[in-house]
Each structure stands twice: as structure tokens, then as C-alpha cells.
Amino acid sequence: MKWSSYQNLRVPNFSVHALRTILADAGLDWRTALTNADIDPDAVDRPKGTIPAKKELAFQLEFVALTQNRIDLWLRAARAYTTSTSGVRGMALATAPTVAAWAEAASATDYSPGLLEISPLHTAEGIVKGIQFSYPDTPQELIPFSVYRELCATTRSLSWLYAAPFPFTRVEIPIPELAPEAASYVACPIDCGSEALRLWWDPAISTYELPYGNAFQHAAWVQADTQILDSFRSTGDWPDTVVKAVKAAPELNRRLANAATALRVSTRTLQRKLELVGRDFAEVRDEALKDLASDLLSNSDHSVSYISCTLGYADPASFTVAFKRWTGTSPTAFRAASRYQARAS
């Protein structure tokens with residue numbers, strides 16, 4: 001992901017949570033690292049919590065500075081990045097029926113836990129023969145850690161899907177050398193000093209039916225991953241599409257930059273499309289959040305605090321102020337009135 005987009009996003013807190021835990025277990029000063037990255041410790045442990053992406057990047061840099069020459073900690077961190085941390089996209093990867101389908105799903109979006117870009121490598125005939133991770137906007141001091149992370153996560157993922165050590169034919173890495181404990185992840189030649197991380201395999205492998213793959217389930221998860229965008233393509237209704245994006249992940253897509261990323265457009269394009277129909281993002285977002293909040297208050301027993309967190313508010317008081325602005329009443333009063341009306345009817 002390019003820095004121009006990444007710096008404006010909020011991202012799930014799993015990455016900072018995992019790195020913080022590793023620092024704590026190793027007896028390293030994670031508290032100062034969080035302070036230097038301007039991250040509230042409470043935000044790290046909050047379920048479904050999010051963190052500004054630029055702060056996540058700052059914390060990764062703090063982590064790298066504290067763990068220099070501790071490749072064992074880098075590899076432990078790398079093992080924390082699994083398909084399960086990628087939500088719906090992770091399920092699409094885990095159910096891929098072929099390696100080619102896996103590579104397509106892996107590179108279908110520019111979101112990733114850092115500043116990197118992912119793209120398949122193809123033969124002249126268009127057959128997938130590898131995958132590439134490049135780091136055009138990544139700080140130089142973070143690239144080695146990122147390389148270890150992507151190498152470890154990718155080889156573990158493909159080997160699990162393949163149900164055996166994955167038969168890579170060559171690996172190229174953009175660092176001067178690779179530690180022996182990381183080199184053991186692949187049994188093939190490793191070339192150091194390239195401009196990107198590339199993992200190559202025999203093109204014939206790309207069409208091999210993976211033992212744990214399921215084409216039907218994979219198609220369903222891919223559809224779920226892209227349903228918001230597909231909805232727009234079928235209706236051309238940008239406001240409705242934004243509402244769907246916010247409702248699908250309110251804790252993330254309440255921010256313009258995140259919603260634009262979910263819809264695979266730039267923030268400027270999204271703003272312009274909404275302006276063409278006389279709407280603005282904040283108005284459409286609040287419409288979606290109001291609908292979600294009203295439904296949860298009327299049809300669930302979740303606390304106001306839980307609903308506040310689900311909708312991405314920092315605290316219940318902020319949510320209450322917003323809900324009063326939308327409806328003219330407090331969440332508690334709204335819930336009481338809706339339940340009274342339900343009993344009366």
C-alpha cells in the first residue's frame with residue numbers, strides 16, 4: 001500500500017497487539033515503544049479495536065529498533081500473521097482450490113499489515129509462476145523485518161495448503177543475507193540483494209488441486225470479500241454502496257480513507273462521486289451508523305458500551321452525543337421507547 005493511502009487509514013489492532021506481546025515476553029520496553037508511537041495501551045487490548053495506520057507503522061519501527069539481531073523474535077512475530085488475521089480475505093485464501101487462485105486472492109487488494117505491494121508473477125502465457133512483495137514506500141530500516149514476515153507467512157500458508165513443504169524453485173530477497181533459521185523455511189536456492197521479495201515455483205504447480213481447497217467455498221468467500229464493490233457495479237448507487245461499506249465494518253469504514261480502500265477507489269474519487277449526487281461522506285456514514293445503532297438498541301440486549309465499541313467510537317459518551325444528534329434522544333431513552341412500542345403492538 002502506498003504511503004499516501006496508508007497514512008490516512010485505521011487498521012485492526014492485531015499487529016500491534018502481537019508485537020507488544022512479543023516485546024513483553026522478551027522483557028523489552030514495550031511501554032516506551034507504545035508511548036513513542038503515540039498509542040494508548042488500552043487500544044492494544046480492545047476487542048475489534050483499531051489504530052491509525054501511521055501509528056502502527058511507528059510501532060513496527062519501535063519493535064525493530066528494540067529487537068535488532070533478534071531474528072528469533074522476528075520469526076515469532078511473523079508466525080502471528082496468519083490467514084485468520086485477514087478476516088474474510090483470509091478465508092478466501094484458506095479455501096483456494098489451486099495455487100493460482102490463492103495468488104489471485106492474495107493480490108486482490110492493496111491492504112496489508114504494512115507498506116508493501118503484492119502481485120503475481122506470470123509466464124509469457126499468463127500462467128502464475130510466483131508471487132512478489134515490493135516495498136516502494138517502506139522505511140529502509142523496516143524492510144528486513146517485513147521480508148522475514150512475508151517470507152515466513154507465505155511459505156507457512158502455502159505449505160499448509162499443499163499439505164507438504166511447498167516446492168519453491170527459487171527465492172529472491174531484497175536484503176544482503178538471510179538468517180539460517182529463516183532459510184530453513186524453503187528448500188531451494190536463495191538469492192540475496194534483489195529489489196523485491198519473490199517466491200518462484202514451477203508454473204505447473206499453479207493448477208494443482210490443493211488438498212484442503214474447496215472451489216465452492218472459495219467462490220463464496222471471494223464473493224463476500226467483494227460484495228460491496230459488486231453491489232456498486234450492479235446499481236451504480238454510490239451513497240448506497242458507502243452505506244453497505246460502513247455497515248459491513250463500521251469500526252473501520254466510518255473513516256473516508258478506509259471506506260475508499262474497501263471500495264478500491266481513491267478518497268478523492270469517492271468524494272467526487274458522492275458530490276455528484278449531492279451527498280457527502282460524513283452524511284452518508286452517519287446514516288449508516290444511525291441505522292446500525294437503532295437496530296442494535298431495538299433488537300439486542302447489548303450494552304450501550306458494547307454498541308459504542310462496535311460502531312468504532314472511542315467511548316460511550318461520544319456515541320451518546322452522536323446518537324442524540326441523529327435522533328434527538330439518548331440511546332437509553334431510544335431503547336426504552338422502542339421496547340414500549342413493541343409491547344404495545
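Each remark here, short or long, concerns the structure printed above.
Residues numbered from 1 in each chain as written. Predicted model: local features only at pLDDT ≥ 70, side-chain atom pairs only at ≥ 80, totals over all residues. Heavy atoms only, no water.

### Focus: the environment of G130
Step number 1: Residue placement: G130 occurs in strand β4 (residues 128-134).
Step number 2: For the pair G130 and P203, spaced 73 residues apart in the sequence, the C-alpha separation amounts to 7.9 Å.
Step number 3: Once residues within four sequence positions are removed from consideration, G130 is found in contact with P120, L121, L199, W200 and W201. (Helix = DSSP H or I, 4+ residues; strand = E, 2+ residues; numbered from the N terminus. Contact = heavy atoms within 4.5 Å.)

### Some details on the packing of aromatic side chains
Step number 1: Scanning the model with the defined rule gives 14 aromatic pairs in all.
Step number 2: Ring geometry for W74 and Y148: centres 5.6 Å apart, planes at 70°, overall edge-to-face. Here Y148 lies in helix α9 (residues 143-162) and W74 lies in helix α6 (residues 71-80), a separation of 74 residues in the sequence.
Step number 3: Ring centres of F323 and F334 lie 5.2 Å apart, and the angle between their planes is 80°; on these two criteria the pair is classed as edge-to-face. Taken together, the residues F323 in helix α18 (residues 316-327) and F334 in helix α19 (residues 331-344) connect sequence positions 11 residues apart. (Phe/Tyr/Trp six-rings, centres within 6.5 Å; stacked < 30°, edge-to-face > 60°.)

### A short note on the pattern of salt bridges
Step number 1: Applying the stated criterion across every chain, the model contains 16 salt bridges.
Step number 2: In this structure, D191 and R170 form a salt bridge, with 3.7 Å as the shortest nitrogen-oxygen distance. One end of the pair, D191, is in strand β6 (residues 190-192); the other, R170, is in strand β5 (residues 168-173), and 21 residues separate them in sequence.
Step number 3: The class of D191 is partly exposed, set by a relative accessible area of 36%.
Step number 4: Taking the shortest distance from any N to any O, the salt bridge between D286 and R285 comes out at 3.2 Å. Each of the two residues, D286 as well as R285, counts as buried.
Step number 5: Three or more residues joined by partner-sharing salt bridges are found here, namely R170, E172, D191, E195 and R198. (Salt bridge = Lys/Arg side-chain N within 4 Å of Asp/Glu carboxyl O. Buried < 20%, exposed > 50% of the residue type's maximum accessible area, 1.4 Å probe, protein only.)

### Examining the pairing of β4
Step number 1: Within β4, six of the seven residues are buried, which leaves it mostly tucked inside the rest of the structure.
Step number 2: Alignment of strand β3 (residues 117-122) against β4, held across six bridges, turns out to be antiparallel. When the bridges of β4 are listed, E117 appears paired with S134.
Step number 3: Taking the residues between adjacent antiparallel strands as the criterion, β3 and β4 are bridged by five residues, where G126 takes a positive phi near 90°.
Step number 4: Where β4 lies against strand β7 (residues 197-201), four bridges are found, and the strand directions are antiparallel. Counterpart to G130 in the pairing with β7 is W200. (Pairing = 2+ DSSP bridges.)

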